[in-house]
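# A structural walkthrough
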Amino acid sequence: RITGLSTGYAGRHGSEVVVARDVDASLWSGELTCLLGPNGAGKSTSFKMMCGLAKPTGGTAKIMGIDILENPSKARSNLGYMAQKFSLYGNLTLRQNLEFFASVYGINFLNKDKRVDEIIDIFNFHDIQDMKSQDLPLGFKQRLSLACAVIHNPPILFLDEPTSGVDVIARREFWNHITSLAKLGVTILVTTHFMDEAEYCNRISLFYKGETIALGTPYELKTKANADNMEQAFVNLIKESGK
């Protein structure tokens, strides 16, 4: 449960620039929730506050009942996090990256190789496991980032713009992995600016200028906005919000 998270920074001449204001969200087990909005809307900043990677100026957030501000390490142990930009070790092979993150997340020595082999099977990495990650095509880099984020079987997964920059086919394959994880009971929060991707989600939080302007299922939002698709619904709801 996330309630009223806000943050900002000092702008020119000492004025306050609000990046995100009063962000509220409830994530339910096995649900796929999307923060949908244009670039610069404040999605990633809100995301980092929810993960405990950025300190809010107000509000609270609890992950599995653990306050992210009071006990960030314990709260984050329940999370898998995939950053917007590729942030793994380029000089390590794909398998070595998986082994490293398995160790970081506390998977013991006896179980580590077994879990790495499982991940390689799930993501079909067999033919590329000995390639350095810096040499992988972008689509495989994104899949490797996701694999590292889920290697410790977290109950909650946060994905920040996971398909940004990849081609249509890679995006579709990536979303097949995401929806499969949700069906297995993983709670997932994902940010995106692709309207079509939002249709995969159980609920959508329309995000604009640092605030949630509407929240609901894709069908509910399109019905509310009297629109045939999410793009038109987003435009109509922005107009209604007066932002």
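Residues numbered from 1 in each chain as written. Predicted model: local features only at pLDDT ≥ 70, side-chain atom pairs only at ≥ 80, totals over all residues. Heavy atoms only, no water.

The next point concerns the state of the cysteines. Inspection of every chain in the model, using the stated rule, returns zero disulfides. No disulfide involves cysteine 34; its sulfur sits 4.3 Å from the nearest other cysteine sulfur, which is in cysteine 201. The exposure class of cysteine 201 is buried, given its relative accessible area of 5%. (Disulfide = S-S within 2.5 Å. Buried < 20%, exposed > 50% of the residue type's maximum accessible area, 1.4 Å probe, protein only.)

The next subject is the nonpolar core. Formed by 49 residues in total, the largest nonpolar core has its most connected members in Leu98, Leu146, Leu157, Ile188 and Leu206. Per-element accounting of this core gives the leading share, six residues, to helix α5 (residues 138–150). The contacts of leucine 157, once residues within four sequence positions are left out, are Gly80, Tyr81, Leu146, Ala149, Val150, Leu181, Val186, Thr187, Ile188 and Leu189. In terms of nonpolar packing, the next biggest core, distinct from the first, is built from 14 residues, Met50, Cys51, Ile66 and Leu189 among them. (Core = buried A, V, L, I, M, F, W, Y, C linked by side-chain atoms within 4.5 Å. Helix = DSSP H or I, 4+ residues; strand = E, 2+ residues; numbered from the N terminus. Contact = heavy atoms within 4.5 Å.)

Note on placement: asparagine 78 falls in the loop between α2 (72–76) and β6 (79–82). Other than its neighbours up to four places away in sequence, asparagine 78 contacts Ile63, Met64, Ile66, Pro154, Pro155 and Ile156.

The subject of this paragraph is the sheet that holds strand β8 (residues 187–192). Strand order in the open sheet made by the six strands is β6-β7-β8-β3-β9-β10, with mixed pairing throughout. The sheet terminates laterally at β6 and β10 (211–216), the two strands that pair on one side only. Adjacent strand axes in the sheet meet at a mean angle of 15°, parallel and antiparallel pairs treated alike. On the sheet, helix α1 (residues 43–51) packs against β3 (32–36), β6, β7 (156–160), β8 and β9 (203–208) and is oriented at approximately 155° with respect to β7. Of the strands in this sheet, β6 and β7 touch α5, which is tilted by about 165° from β6. (Pairing = 2+ DSSP bridges. Axes fitted to C-alpha atoms, helices over the stretch in contact; angles between N-to-C directions.)

Under the counting rule described, the total for this entry stands at eight salt bridges. Residue aspartate 196 pairs with arginine 171 through a salt bridge whose shortest N-O separation is 2.9 Å. A residue pair is termed long-range when its members are at least 10 positions apart, and aspartate 196 in helix α7 (residues 195–198) and arginine 171 in helix α6 (residues 168–183) qualify at 25 residues. Its relative accessible area of 45% is what places aspartate 196 among the partly exposed residues. Here glutamate 199 and lysine 222 are joined by a salt bridge, their closest N and O atoms 3.3 Å apart. Remark: lysine 222 occurs in helix α8 (residues 218–224) and glutamate 199 occurs in the loop between α7 and β9; sequence separation between them is 23 residues. With a relative accessible area of 35%, glutamate 199 lands in the partly exposed category. (Salt bridge = Lys/Arg side-chain N within 4 Å of Asp/Glu carboxyl O.)

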